[in-house]
Amino acid sequence: MNATFLRSAADQLRMHAKSPMSTFMAVAFPCAFAFVIRSNAAEGHRSAELTADLSVGTAGIGMLDAIIVMVVFSLLGEKQWKTLYAALGSPGGLVPVVLGRLGGIVVQSLIALPGTFVVLALFWGIDSGFAWGRWLVGGVLLALATASVVGLLAVAVLRFPYSAGMTNGLTGLLMALSALIVPQSALPGPVRAAAFVLPQSHVMAWVRDGALGDIAAAVLLTVCYAVLVVLLVHRLEAAVRRKSVPLEV
Amino acid sequence: MTTVLRGALLSYKALFTWLNPLGYLSSRIVRPVGMAIAFISLSSYYGAAIGRMLIGSSLLAGAGAVIYGMALSVGNERSYGTLGTWLAAPQNKLAAACQRALPHIADGVFGGLWTYLACGLLYGEMPLGVLPFTGLLTLAVLTTAGFGLALSALALVVEDLFIGPNAAELVLMMLTGTLVPYDRLPGFLQPVSDVLPLTHIMAAVTDRLAGSGWNTRQLLTEAAVGAGWFVVSSCFLFWTVKRASHRTELA
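Numbers given to residues run from 1 along each chain, matching the order in which its sequence is written. Both sets of labels track the order of writing: A upward for chains, 1 upward for ligands. Confidence filtering applies because this is a predicted model: local features only for residues at pLDDT of at least 70, side-chain atom pairs given and counted only at 80 or more, and all residues used for totals across whole chains, interfaces and linings. In computing side-chain properties, one takes all heavy atoms of the structure into account and sets aside hydrogens as well as water.

### Structural notes on the overall build of chain A
Consideration 1: A tally of regular secondary structure across chain A gives 11 helices and zero strands.
Consideration 2: Order of helices (α) and strands (β) in chain A, N terminus to C terminus: α-α-α-α-α-α-α-α-α-α-α.
Consideration 3: Taken over the C-alpha trace, chain A has a radius of gyration of 18 Å; the compact-globule value for 249 residues is 18 Å, and the two agree within 12%.
Consideration 4: Reported as C-alpha extents along the three principal axes, the dimensions of chain A are approximately 60 × 35 × 35 Å. Here a strand is any run of E in DSSP of at least two residues, a helix any run of H or I of at least four, and the numbering for each starts at the N terminus. The size measure is the radius of gyration over C-alpha atoms, and the globule rule it meets is 2.2 Å times the number of residues to the 0.38 power.

Take a look at the structure:
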């Protein structure tokens, strides 16, 4: 189990860590968003310099994009290379492969945290009250939380035939629900309620001077989503074995 | 005319996997609304009026459908392994690219209007009536189609299908006054903004929301920008078709 998990994570980094598209999504794309955020923030009473919540929220957009793109690329790769039936026949089944891939993707997505920070700090300077601890802990937690939620997409990609464009909506949807660029309270009512069940919104609440309860909720929800992903992969394994659901293309 | 429409619909049908409509729903229905919610919330959180951002996000939704659609309708020829055959065919490539743009223009109007209505209902505010907004949106997707033609041409020379439309979408988001007010752009970027589609529509919208009438000069300038892009993009397309036709490796 552990060896397969580690191998899968290492494979993820070996194959995709230097992908130009991944770097573009993780760094360039969110920096453009940060430009939009800051231009609008300038109309309010916000600091003109880089704050921890802006930095983590911006990195979160990059993480979200990179994780979605990488989950799709990696698992479609496994399908095309016909490695999934071999994994299914191994003692650990598909779970360590999927979790290993997600683990590698989390590590890979972390580039968004320092990557966007350096770019934005160079442009705007760093606010004197920059909360370094919240930036670091919040950033890492945000990557884990995003990967646990997008893990559900991994199950969908494994279970169903891939349809071009089927994941495009996730970025917009999760960006709104994750409260990455504004606090949850600024979202319209129905969206705010939906945001409550996503761990990312609680991570962001903590980064924005929230209490320990926010971080506890974020960790709890992250674990819940990770457990749900494992259960769904087990269910998929059962469906493949009993009903001959095709895994590979 | 029937042949033109049939060809346009055939190209459009090839873009999404219609037996599984998730691709269309995800790209053209969910994504623009999600992005618009994020940006409108941003505007409202910082105390700005949400009307401008609602209109800007909805126009971007329409423009996005056009730029991705036009880039992919040509770029997918490479993915499907049919680029060589298409280039060898006697069909006029400029006419073909325009023909393929037609469904995306219609889809852009639909997507932009859907985004405007959905977000308008969600936030309980609709700064422009549906008819004037549809008129603006139609102008926006038409001028963006002139710009999108350059992306169709680019898809013939850049093998990574998504680099062109992704970069173009970022440019439209940042530099056209849709999400970032024109007067907040750095001075050296304002001339770039002036020659991009959507900029002059947003200028007209800003005037209108400030209580003035419709600034027809800005709207005519927008149409001229679209026409200018069409001419430049057509020349670019002729060059890229010529270049691609002389290459032996297309895949």
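That shown, we press on.
### Structural notes on the overall build of chain B
Consideration 1: What chain B contains, in helices and strands, is 10 helices and zero strands.
Consideration 2: Each helix and strand of chain B, ordered N terminal to C terminal, gives the series α-α-α-α-α-α-α-α-α-α.
Consideration 3: Relative to its length of 251 residues, chain B is compact, with a C-alpha radius of gyration of 18 Å against a globular reference of 18 Å.
Consideration 4: C-alpha atoms of chain B, sized along the principal axes, occupy 55 × 40 × 35 Å.

### Examining the confidence of the model for chain B
Consideration 1: Residues at a pLDDT of 70 or more form 96% of chain B, whose mean pLDDT is 89.
Consideration 2: Prediction confidence for the complex, expressed as pTM and ipTM, is 0.85 and 0.80 respectively. For every residue, the predictor states its confidence as a pLDDT score lying anywhere from 0 to 100.

### Observations regarding the nonpolar core
Consideration 1: Ranked by internal contacts, the top residues of the largest apolar core, which has 155 residues, are Val71(A), Met175(A) and Phe39(B).
Consideration 2: Broken down by element, this core gets its largest block of residues, 16 residues, from helix H3 (residues 52-80) of chain A.
Consideration 3: The contact criterion used is simple: two residues touch if any of their non-hydrogen atoms lie within 4.5 Å. Those residues within four positions of Met175(A) in sequence are excluded, and the remaining contacts are Phe33(A), Ile61(A), Leu64(A), Leu170(A), Leu180(A), Met35(B), Ala38(B) and Phe39(B). Only buried residues count toward a nonpolar core, which is a set of Ala, Val, Leu, Ile, Met, Phe, Trp, Tyr and Cys residues joined through side-chain atoms within 4.5 Å. Relative accessible area decides the class of each residue, using a 1.4 Å probe on protein chains only: under 20% of the type maximum gives buried, over 50% gives exposed, and in between gives partly exposed.

### Remarks on the interface of chain A and chain B
Consideration 1: On the side of chain B, 36 residues touch chain A, which itself brings 36 residues to the contact.
Consideration 2: Accessible area that two parts lose when put together, evaluated with a 1.4 Å probe and summed over both, is termed the buried area. Interface area for chain A against chain B, summed over the two sides, is near 3200 Å², with a carbon-plus-sulfur share of 72%.
Consideration 3: We call two N or O atoms a polar contact when they sit within 3.5 Å, provided that within protein one can donate a hydrogen and the other can accept it, with sequence-adjacent residues counted only if both atoms are side-chain atoms. Scanning the region where chain A abuts chain B turns up one residue pair in polar contact (both at pLDDT 80 or more).
Consideration 4: Only helix H2 (20-41), helix H8 (168-177) and helix H9 (189-195) of chain A provide two or more residues apiece to the side of chain A that touches chain B.

### Some points on the pattern of salt bridges
Residues and elements named next belong to chain A.
Consideration 1: Any Lys or Arg side-chain nitrogen found within 4 Å of a carboxyl oxygen on Asp or Glu counts as a salt bridge. Under the defined criterion, the tally for this structure stands at seven salt bridges over all chains.
Consideration 2: Between Arg 7 and Asp 11 there is a salt bridge, with its nearest N and O atoms 3.1 Å apart. With Arg 7 and Asp 11 both in helix H1 (residues 2-16), this residue pair falls four residues apart, about one helical turn.
Consideration 3: Linking Asp 11 and Arg 14 is a salt bridge whose minimum nitrogen-to-oxygen distance equals 3.1 Å. Placement of both Asp 11 and Arg 14 in helix H1 is noted, with a separation of three residues, approximately one turn of the helix.
Consideration 4: Taking the relative accessible area as the measure of exposure, Asp 11 reaches 15% and is therefore buried.
Consideration 5: Among the ionic contacts, a cluster of salt bridges with common partners joins Arg 7, Asp 11 and Arg 14.

### What to know about the packing of helix H2 (residues 22-45) of chain B against helix H3 (residues 50-79) of chain B
Residue and element names in this part refer to chain B.
Consideration 1: For the pair H2 and H3, the least separation of the axes is 9 Å and the interaxial angle reads 150°. The angle between the axes of H2 and H3 places the two elements in the roughly antiparallel class. Here H2 runs over H3; the crossing is right-handed. In contact with Arg 28, Pro 32, Ala 36, Phe 39, Ile 40, Ser 43 and Ser 44 of H2, H3 contributes Ile 50, Met 53, Leu 54, Ser 57, Ala 61, Ala 65 and Gly 69.
Consideration 2: Note that Gly is not counted as nonpolar here; it falls among the polar residues with everything else outside the nonpolar set of Ala, Val, Leu, Ile, Met, Phe, Trp, Tyr, Cys and Pro and the charged set of Asp, Glu, Lys and Arg. In terms of residue class, the contact of H2 with H3 is built from nine nonpolar, four polar and one charged. Note on geometry: axes are lines fitted to C-alpha atoms, helical ones only across the stretch in contact, with angles between N-to-C directions running from 0 to 180 degrees. The scheme is simple: roughly parallel for angles under 35 degrees, roughly antiparallel for over 145, roughly perpendicular for 65 to 115, oblique for anything else. Here a crossing is taken to be left-handed if its near helix is turned anticlockwise relative to the far helix by less than a right angle, and right-handed if that turn runs clockwise.

### Things to note about unusual backbone geometry
Residues and elements named next belong to chain A.
Consideration 1: Residue Lys 82 is not a glycine yet carries a positive backbone phi of 55°.
Consideration 2: For Lys 82, the position within the fold is in the loop between H3 and helix H4 (84-89).
Consideration 3: Residue class for Lys 82 comes out partly exposed when judged on its relative accessible area of 48%.
Consideration 4: Unlike most non-glycine residues, Ala 179 shows phi in positive territory, near 55°.
Consideration 5: Within the secondary structure, Ala 179 is located in the loop between H8 and H9.
Consideration 6: Owing to a relative accessible area of 1%, Ala 179 belongs among the buried residues under this scheme.

### A few points about the packing of aromatic side chains
Consideration 1: Pairs were defined over the aromatic rings of Phe, Tyr and Trp, the Trp ring being its six-membered one, requiring ring centres within 6.5 Å. Orientation was assigned from the angle between planes: stacked under 30 degrees, edge-to-face over 60, tilted for the rest. Taken as a whole and judged by the stated rule, the model has 11 aromatic pairs over all chains.
Consideration 2: Relative to Trp132(A), the ring of Phe117(A) has its centre 5.4 Å away and its plane inclined at 65°; by these criteria the two rings are edge-to-face. Placement of Phe117(A) in helix H6 (residues 112-124) and of Trp132(A) in helix H7 (residues 132-159) is noted, with a sequence separation of 15 residues between them.
Consideration 3: Judged by its relative accessible area of 11%, Phe117(A) is buried.
Consideration 4: Between the aromatic rings of Phe117(A) and Trp135(A), the centroid separation amounts to 5.0 Å while the plane-to-plane angle is 50°, which identifies the pairing as tilted. With Phe117(A) in helix H6 and Trp135(A) in helix H7, this pair connects stretches of sequence that are 18 residues apart.
Consideration 5: Ring-pair connections join several aromatic residues into one group, and the members of that group are Phe117(A), Phe130(A), Trp132(A) and Trp135(A).
Consideration 6: The ring of Trp86(B) has Lys93(B) sitting right over it, with the charged end atom 5.6 Å from the ring centre.
Consideration 7: One residue, Arg100(B), lies across the ring of Trp86(B), its end atom 4.6 Å from the ring centre. For a Lys NZ or an Arg CZ to count as sitting over a ring, it must be within 6 Å of the ring centre and within 35 degrees of the ring normal.

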